[in-house]
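Each chain, letter by letter, is given below.
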Amino acid sequence: MAVPAVLAVGAMAAMMGQGALAASFAVSGTSFQVGSSKLTSSGLSSYVQTDRSVDGKGHPVALLGIGNARLSDICQSAEVKTPVGTVVFKLTAGGEAGEVTASNLIIDGEDLTGDATFGTAQIGRDASTLDAVPGVKGEAGKFGLQAGNIEVAGVRSHAWSATGGNFRLKGLKLDVSLDGKKCF
């Protein structure tokens, strides 16, 4: 009886490792900023869901599944309360060091702004039938949208979580400081 369960867990772990299935986890209760000068991708799938923090509080988000993402640069920052005061945790990469890439990037965002171009957009598609990004599907009967190739300039987002199959962060810099500046 344990063999099917072990095989199922192994298959799920393999799919998470390949980015085909997002790992589920409780969010920290602190949203963060994500920005990039330019994002391009081979596909986009999106639907509404609710993230939960450890305290049980719900955070409505648009789950954004982005296929093979290429970013000219990336900045991620969060304000974090500590015993010595509020610090800014900031991660940057890309720019002069080269592109940042991620496969099957999934962002649970509160908002997203930028100048976008979408190929083959399908707005109002049933979330359970989304197929532009492997493994990114919502509940049957729920609102969804997807598009083919996308390009977004001036990306700005507030998010609760981000996961990806494989990240490549050229020129990675991490800074934690009391006087730090957020991305935007």
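Definitions and limits used
Residues numbered from 1 in each chain as written. Predicted model: local features only at pLDDT ≥ 70, side-chain atom pairs only at ≥ 80, totals over all residues. Heavy atoms only, no water. Core = buried A, V, L, I, M, F, W, Y, C linked by side-chain atoms within 4.5 Å. Buried < 20%, exposed > 50% of the residue type's maximum accessible area, 1.4 Å probe, protein only. Helix = DSSP H or I, 4+ residues; strand = E, 2+ residues; numbered from the N terminus. Contact = heavy atoms within 4.5 Å. Salt bridge = Lys/Arg side-chain N within 4 Å of Asp/Glu carboxyl O. Pairing = 2+ DSSP bridges.

Asks: Talk me through the nonpolar core; I want residue IDs and the actual numbers.
Replies: Judged by nonpolar contacts, the single largest core of 20 residues is most densely connected at Leu39, Ile66, Ala69 and Leu105. Only β1 (32-41), β3 (58-71), β4 (73-82), β6 (100-118) and β9 (150-163) provide two or more residues apiece to this core. If we skip the residues at most four places from it in the chain, Leu105 touches Leu64, Gly65, Ile66, Gly67, Ala69, Thr163, Gly164 and Phe167. Counting residues in hydrophobic clusters, the runner-up holds seven residues, among them Leu63, Ala127, Leu130 and Val136.

Asks: Any details on the pattern of salt bridges? Residues and values, ideally.
Replies: Counted by the stated rule, this structure contains three salt bridges. The partner of Asp131 in a salt bridge is Arg125, with the nearest N and O atoms 3.5 Å apart. On the basis of relative accessible area, Asp131 is assigned to the exposed category, the value being 54%.

Asks: Lay out the pairing of β3 in plain terms, naming residues and giving numbers.
Replies: In terms of strand pairing, β1 meets β3 through two bridges, oriented antiparallel. Note on β3: the bridge partner recorded for Thr40 is Arg70. Here strand β2 (residues 44-52) runs beside β3; their pairing, made up of nine bridges, is antiparallel. Pairing of Tyr47 across the sheet is with Leu63, part of β3. Remark: five residues form the turn of the hairpin made by β2 and β3, two consecutive strands paired antiparallel; Gly56 in that turn has positive phi of roughly 90°. Here β3 pairs with β6 via nine bridges, running antiparallel. Its bridge partner being in β6, Arg70 is matched across the sheet by Thr101.

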